[in-house]
Amino acid sequence: MPKRTPSTPWTKPAGAPVQGKVIPRPRRTAEVQSYLPELFRGMAITMRHFFKNTKEMMLGQKPDPVLEALNEGVTTICYPEEKRPYPERFRGLHRLTLRDDGSPRCVACLCCSTACPAQCIHIEAGEYAEGDKRRGYERFPKTFVIDELRCIFCGFCVEACPCDAIRMDTGIHATPYDSREQFIYRKDLLMEFTGRDGSRTSANPRHEPGDPSHPGLSREQNDH
Ligand code: SF4
Ligand code: SF4
């Protein structure tokens, strides 16, 4: 055997035993080379599924892809007419919850905008009018704006709110608008949204200043 140097390519010695399984090279017959039989075979499978699925859809035999587990058949859904149910704790678009008199529960404390990592909440606080029992205890949001395009749906604002005034339980996901302005959700719109239960309020109790149940300081009585 000739001596091998590092530059000599390795070749299998003649007569060396064959190891492993030998796979014969496929024969390229005219049938294989023409591709036509496989083409028609593939088309037949496609058409078989097409007619089967169409028949099931027309006769109402198609299993519900949203609610039923499917092992075969059409697993896609006709979005947006059909939607998969969102999980219970899905964080959707924000809403501002209301008090019994229809005003927002928000007291413009700015906790949510401070906690927001995307800095997409803008609030301008206003003072209640002279004589309003809430004046001096709390303020109200003159302006409350959320930039839903910048929002990362982290839910920190909901966690930070001490008044249960902002929620993300609408079950609505962000809409694919085509203009920047449409992603700016203002107070009136945020107050329009309902929770998934259809409510605009919150079941958590709210004690208004002046009510006997209000836990805050009573400055008139100066008893604290
Ligand atoms: S969900 Fe997160 S990012 Fe969006 S407004 Fe709330 S705190 Fe900001
Ligand atoms: S929504 Fe809640 S946290 Fe945000 S300003 Fe209003 S009361 Fe404060």
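Residues numbered from 1 in each chain as written. Chains lettered and ligands numbered in written order. Predicted model: local features only at pLDDT ≥ 70, side-chain atom pairs only at ≥ 80, totals over all residues. Heavy atoms only, no water.

Chemist: Looking at this model, I keep getting lost on the overall build of the chain. Mind explaining?
Modeler: Summing up its helical and strand segments, the chain has 5 helices and 5 strands in all. When the helices and strands of the chain are listed from N to C terminus, the series reads α-α-β-α-β-β-α-β-β-α. A compact globule built from 224 residues should have a C-alpha radius of gyration of about 17 Å, whereas the chain, at 34 Å, is more than 25% larger. With respect to the three principal axes, the spread of C-alpha positions in the chain is 110 × 65 × 35 Å. Buried positions account for 27% of the 224 residues belonging to the chain. Within the chain, residue pairs in contact and separated by at least 24 positions form 63% of the contacts whose partners lie at least 6 positions apart. With an accessible surface of roughly 16,600 Å², the chain has 56% of that area assigned to carbon and sulfur atoms. (Helix = DSSP H or I, 4+ residues; strand = E, 2+ residues; numbered from the N terminus. Rg over C-alpha atoms; globule rule 2.2 N^0.38 Å. Buried < 20%, exposed > 50% of the residue type's maximum accessible area, 1.4 Å probe, protein only. Contact = heavy atoms within 4.5 Å. Areas by Shrake-Rupley, 256 points an atom, 1.4 Å probe, with all protein chains shown as cover.)

Chemist: Help me out: how do you make sense of the site of ligand 1 in this one?
Modeler: Taken together, the neighbourhood of ligand 1 is formed by 14 residues, with C116, C151, C154, G155 and C157 sitting nearest. Residue classes in the shell around ligand 1 are distributed as 12 nonpolar, 2 polar and no charged. (Near = heavy atom within 4 Å. Nonpolar A, V, L, I, M, F, W, Y, C, P; charged D, E, K, R; others polar.)

Chemist: How do you make sense of the environment of V74 when you look at a structure like this?
Modeler: On the secondary structure map, V74 appears in the loop between helix 2 (36-58) and strand 1 (95-96). In this structure the C-alpha to C-alpha distance between V74 and F144, which are 70 residues apart in sequence, comes to 45 Å. Sequence-distant contacts of V74, defined by excluding residues within four places in its chain, comprise N53, K62 and P65.

Chemist: How should helix 2 be read in this particular structure?
Modeler: Each α-helix turn comprises 3.6 residues. Residues three or four places apart therefore point the same way. Relative to the 33 Å expected for 23 residues at 1.5 Å per residue, helix 2 spans 32 Å between its end C-alpha atoms, a close match to the ideal helical length. At the exit of helix 2 stands G60, carrying a positive phi of roughly 70°. (Expected span 1.5 Å × (residues − 1).)

Chemist: Honestly, the domain arrangement of the chain in this entry has me stumped. Any pointers?
Modeler: Split into domains, the chain comes out as domain 1 (29-85) and domain 2 (95-192). Distance between the C-alpha centres of domain 1 and domain 2: 46 Å. (Domains from an automatic or database assignment.)

Chemist: Looking at this model, I keep getting lost on the sheet that holds strand 2 (residues 121-127). Mind explaining?
Modeler: Either a parallel or an antiparallel arrangement is found when strands of a sheet pair, and the pairing is made through backbone hydrogen bonds. Spatially, 3 strands are ordered 2-3-5 in an open sheet, and the strand pairing comes out antiparallel. Edge strands, defined here as strands with exactly one partner in the open sheet, are strand 2 and strand 5 (184-186). Between one strand axis and the next, the sheet turns through 15° on average, direction left out of account. As defined by bridge partners, strand 2 adjoins strand 3 (residues 139-147) across 7 bridges and the pair is classed as antiparallel. Each bridged residue has a counterpart across the sheet, and for I123 the counterpart in strand 3 is F144. (Pairing = 2+ DSSP bridges. Axes fitted to C-alpha atoms, helices over the stretch in contact; angles between N-to-C directions.)

Chemist: Quick question: what am I supposed to make of a nonpolar patch on the surface here?
Modeler: Together, L36, L39, F40, M43, M47, F50 and F51 make up a nonpolar patch on the protein surface, roughly 730 Å² of accessible area in all. When you line up the elements, L36 lands in helix 2. For L36, a relative accessible area of 43% translates into the label partly exposed. (Patch = residues over 30% accessible without salt bridge, like charges linked within 9 Å, V, L, I, M, F, W, Y side chains within 5 Å. Salt bridge = Lys/Arg side-chain N within 4 Å of Asp/Glu carboxyl O.)

Chemist: Please explain the side chain of R134 as it appears in this structure.
Modeler: Here R134 shows up in the loop between strand 2 and strand 3. Using a relative accessible area of 12% as the deciding quantity, one classes R134 as buried. Those residues within four positions of R134 in sequence are excluded, and the remaining contacts are R99, D101, S103, Y128, E208 and P209.

Chemist: Would you mind going over the packing of aromatic side chains with me for this structure?
Modeler: Each aromatic ring pair is characterised by the separation of its centres together with the angle its planes make. Going through the model one piece at a time under the given rule, you end up with 5 aromatic pairs. Measuring from centroid to centroid gives 4.2 Å for Y86 and F90, while their planes differ by 10°, and the two rings are stacked. For F90, a relative accessible area of 21% gives the class partly exposed. (Phe/Tyr/Trp six-rings, centres within 6.5 Å; stacked < 30°, edge-to-face > 60°.)

Chemist: For this particular structure, what's the right way to read the side chain of R105?
Modeler: Mapped onto the elements of the fold, R105 is located in the loop between strand 1 and helix 3 (111-115). Polar contacts involving the side chain of R105 include one to the main-chain carbonyl oxygen of C163, which spans 3.0 Å. Discounting residues that sit within four places of it in the chain, R105 has contacts with T97, L98, R99, C163, D164, A165, S202, N204, P205 and R206. (Polar contact = N/O pair within 3.5 Å; in protein donor to acceptor, adjacent residues only side chain to side chain.)

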